[in-house]
Amino acid sequence: MQLETQRLILRPWQKSDAQALYKYASHPDIGPIAGFPVHTSVDHSKEIIDRVLSAPNTYAVVLKETNEPIGSVGLMIGKASHQSNSDTEGEIGYWIGVPYWGQGLIPEAVREMIRHGFEDQHLEKIWCGYFDGNEKSKRVQEKCGFTYHHTTENVPCVIPGLLRTEHVSCLTKEEWENE
Ligand SMILES: CC(C)(COP(=O)(O)OP(=O)(O)OC[C@H]1O[C@@H](n2cnc3c(N)ncnc32)[C@H](O)[C@@H]1OP(=O)(O)O)[C@@H](O)C(=O)NCCC(=O)NCCS
């Protein structure tokens, strides 16, 4: 399945995206704050495409202007979500390459994922979380209509032994329809 916004195509990751994925996901400011390790080689990125990014509802964020994948957005439904096991609830995760920060591209992608979740996947509630201190991600969630729900302490992350604080926000279908 492919989704589209004004500036973006959201489409499944392909093996041939490994080079572009490595270019952006090898930056230390991307993975760890989002919950995944820094990519260490193009082969590593290839493996991640095979093993992780091939999950259902996981999309490469492709800039229409260049046709290059520059980030990722995913909707994890039911058991795939960290926040709820319910099949009518999902969780959105996202990142975008550093050169593209600050252009509102992820909010644009997230708004489309929200629409897809509520209209096409018939979800009732969508969750979204960020680790304490990630103000950029907090802003994305605020701008997309999510409101603060709860905080979870001692969440394991990619750095072995390090526990972090996660703030979780949520958006219901009803809130989204009435926005
Ligand atoms: C969080 C992230 C996805 C935001 O995507 P984006 O497309 O840049 O989103 P926006 O353009 O709406 O910017 C969001 C906020 O980031 C901040 N910001 C933008 N560009 C920035 C930059 N170059 N440096 C520092 N902060 C910046 C601003 O506060 C902005 O909020 P504002 O619109 O109220 O000014 C992106 O920064 C990212 O991938 N970060 C690393 C991975 C990550 O944190 N993923 C989310 C895990 S929960």
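Please refer to the structure higher up on the page.
None of the values given here were measured: they were computed from a predicted structure.

### Description of helix α4 (residues 105-120)
- Taking 1.5 Å of rise per residue, 16 residues should cover 22 Å, and α4 covers 22 Å from first to last C-alpha, within 8% of that figure.
- Of all 16 residues in α4, twelve are buried, a share of seventy percent or more.
- Those residues of α4 not exposed but buried are L105, I106, P107, E108, A109, V110, E112, M113, I114, H116, G117 and F118.
- Immediately beyond the C-terminal end of α4, within one or two residues, lies H122, with a positive phi of roughly 60 degrees.

### A short note on the site of the ligand
- For the ligand, the set of nearby residues contains 22 residues, the closest of which are G102, G104, N134, R139 and K143.
- In the model, an oxygen atom of the ligand is placed 3.0 Å from a nitrogen or oxygen of the I106 main chain.
- Interatomic distance of 2.7 Å between a side-chain N/O atom of N134 and an oxygen atom of the ligand.
- Burial of the ligand by the protein amounts to 74% of the accessible area it has alone, namely 930 Å².
- Going through the elements one at a time, α2 (31-34), β5 (89-96), α4, β6 (125-131) and α5 (135-143) are the ones with two or more residues in the shell around the ligand.
- In terms of residue count, the dominant contributor to the shell around the ligand is α5 (five residues).
- Taken together, the residues of the shell around the ligand break down into twelve nonpolar, six polar and four charged.

### A short note on the side chain of E108
- Mapped onto the fold, E108 is located in helix α4.
- A relative accessible area of 12% means that E108 is categorised as buried.
- At 2.7 Å, the side chain of E108 forms a polar contact with the side chain of T5.
- Once you skip the residues sitting within four places of it in the chain, E108 turns out to touch T5, Q6, R7 and L8.

The rules we used
Residues numbered from 1 in each chain as written. Predicted model: local features only at pLDDT ≥ 70, side-chain atom pairs only at ≥ 80, totals over all residues. Heavy atoms only, no water. Helix = DSSP H or I, 4+ residues; strand = E, 2+ residues; numbered from the N terminus. Expected span 1.5 Å × (residues − 1). Buried < 20%, exposed > 50% of the residue type's maximum accessible area, 1.4 Å probe, protein only. Near = heavy atom within 4 Å. Polar contact = N/O pair within 3.5 Å; in protein donor to acceptor, adjacent residues only side chain to side chain. Areas by Shrake-Rupley, 256 points an atom, 1.4 Å probe, with all protein chains shown as cover. Nonpolar A, V, L, I, M, F, W, Y, C, P; charged D, E, K, R; others polar. Contact = heavy atoms within 4.5 Å.

Everything listed is a geometric property; what it means functionally is a separate question.
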